[in-house]
Every structure is written in C-alpha cells, then in structure tokens.
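Inside the fold
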Amino acid sequence: MMRIGTAKPETATADAHRLLCGMASRLLRYPDETWREQAALVREVLEREMPVSPQVLQLLGFVADVDSRSLEDWQELYVRTFDLNPDTPLNLTAVVFGEEKDRGRTPQRGYALVQLGEAYASAGYELSEAELPDYLPALLEFVAHEGCRHLERYLPPLLAAVKELAERTERAASPYAPVLRVAHDAMSALARPGRGTVR
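Residues numbered from 1 in each chain as written. Predicted model: local features only at pLDDT ≥ 70, side-chain atom pairs only at ≥ 80, totals over all residues. Heavy atoms only, no water.

Let us look at the overall build of the protein chain. For the protein chain, the helix and strand inventory stands at nine helices and zero strands. Each helix and strand of the protein chain, ordered N terminal to C terminal, gives the series α-α-α-α-α-α-α-α-α. Out of the 199 residues in the protein chain, the part that is buried amounts to 48%. Sequence separation of 24 or more characterises 65% of the internal contacts of the protein chain that already satisfy a separation of 6 or more. Per element, the accessible surface of the protein chain, about 10,000 Å² overall, is 51% carbon and sulfur. (Helix = DSSP H or I, 4+ residues; strand = E, 2+ residues; numbered from the N terminus. Buried < 20%, exposed > 50% of the residue type's maximum accessible area, 1.4 Å probe, protein only. Contact = heavy atoms within 4.5 Å. Areas by Shrake-Rupley, 256 points an atom, 1.4 Å probe, with all protein chains shown as cover.)

Now for the environment of Val96. As for its placement among the helices and strands, Val96 is situated in helix H5 (residues 92–97). Along the chain, Val96 and Ala161 lie 65 residues apart, while their C-alpha atoms are 6.1 Å from each other. The residues touching Val96, leaving out its near neighbours within four places in the chain, are Pro157 and Ala161.

This part covers the confidence of the model for the protein chain. On average, residues of the protein chain score 87 in pLDDT, and 86% of them are at 70 or above. By mean pLDDT, helix H1 (residues 9–27) is the weakest element of the protein chain at 85, and helix H4 (residues 71–83) is the strongest at 97. Low pLDDT (under 50) marks residues 1–11, which in the prediction has 17 contacts with non-local residues, meaning those over four places away or in another chain. Note on residues 195–199: pLDDT under 50 across the span, and 20 contacts to partners over four residues away in sequence or across chains. (pLDDT = per-residue confidence, 0-100.)

All right, on to helix H6 (residues 108–122) then. Between the first and last C-alpha of H6 there are 21 Å, a value that for 15 residues agrees with the 21 Å anticipated at 1.5 Å per step. Those residues of H6 not exposed but buried are Arg109, Ala112, Leu113, Gln115, Leu116, Ala119 and Tyr120. Down the axis of H6, the smallest arc covering the buried residues is 165°, so these residues share one side. Away from its buried face, by an angle of more than 90 degrees, H6 presents the exposed residues Tyr111, Ala121 and Ser122. Of the residues flanking the end of H6, it is Gly124, one or two places downstream, whose phi is positive at about 75°. (Expected span 1.5 Å × (residues − 1). Arc of directions from axis to C-beta.)

Turning our attention to the pattern of salt bridges. For the structure shown, the criterion picks out 12 salt bridges. Between Glu146 and Arg149 there is a salt bridge; the shortest N-O distance is 3.0 Å. On the basis of relative accessible area, Glu146 is assigned to the buried category, the value being 15%. Under the relative-accessibility criterion, Arg149 is labelled partly exposed at 40%. (Salt bridge = Lys/Arg side-chain N within 4 Å of Asp/Glu carboxyl O.)

Ranked by internal contacts, the top residues of the largest apolar core, which has 56 residues, are Leu136, Leu151 and Tyr176. The element contributing the most residues to this core is H1, with eight residues. With residues up to four places along the chain from it excluded, the contact list for Leu136 reads Leu28, Leu90, Leu92, Val162, Leu165 and Leu180. (Core = buried A, V, L, I, M, F, W, Y, C linked by side-chain atoms within 4.5 Å.)

In structure tokens, the structure reads:
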C-alpha cells in the first residue's frame, strides 16, 4: 500500500480519497464474524497512512463505536437499516429507480445494472457472484482500485443516491450515517476533473 505522504500533493489527495472509499467499503459490508477484525484493520490503516481530516475522524469514530455493541446487535441493525428499510438500501439503483416491482414502470434499473456491470468488466474487475454491481460496498471497492474513470457516465445518479442514503440515515440517527457521508465525499472528490485516474 502506498504511503500517502510519499506522493505528489495532487496524487496524494487522490490516493487518500481512494483509500477512504476502500475503508468505507469494509465498514459497510454485512457484519459477519470477520467484521470486527476488518474494523480494527481500518483503524490501523487510517492512523498509519492518513493525515487527520474530518473524514478520517468520522470513520475512526464509527470504528470506536464497534465494540460498544455485540456482533448480534450490529447484524440486527444492519438488516433493519439496509435490508428491511426500503428507504435505505445499499443497492444504489433501488435508490434511484425504486425496487422495480413493476418492471413495466421502472425498466431503467435493470438497464443500469447491465451498464454498471459492463463498466466493471471493462476494467477487468470481477464481482463476487453474490454481489450486484450497484451494491455500494462493491462500488466503493472498485473505486478504491480504479478511481472513477470507468464510471464517468454514471457518476451523477450514483453520487446523488449515496448522498440521499447519507441524508436519510442521518435523519434516522443511524450510526452508519458518517460512513455513508465519507463515502459520498470521497467519491465526489475523485469525480472532479483529473482526480478519477489511478496514478
């Protein structure tokens, strides 16, 4: 892993935002038996690699909260927040187009999933069989590796969906809200001209 402080300033900034995307991806995945270990790794990487910033402090605050709940409580919270609540799904096309129960009314979601899948494939990036290309943790992991250069056509609705998720979880006082805010801010920074290319 590149140490952020060793790169040119503009490159270091892009590296930092990609790293934030990768760390947010780990924290937004389902809290299984390895999740606490992943959270501890996030803390270690942020403290070692990143200068202090509001985004780093937000992620560190979330990580500090991990041990305040049992794993079962985190699992219940995750399912209640992202799986059972139709307002805050981690599949971004569901935020943009709805769940598409009426396919005749919202066929755009299926088309968007195909297009996103092709963008991943164009970068030689393979998703796990269980993940759709609009699943936010998978998208963040992709951006952490590739930047936003393969996603330029899709960034406005994707960023709008992540922002909406952050705002909805903030209104609900969810502990996941700061992680979603960091994800949005880091992706937005990489989407600016000259920032989306992996250097």
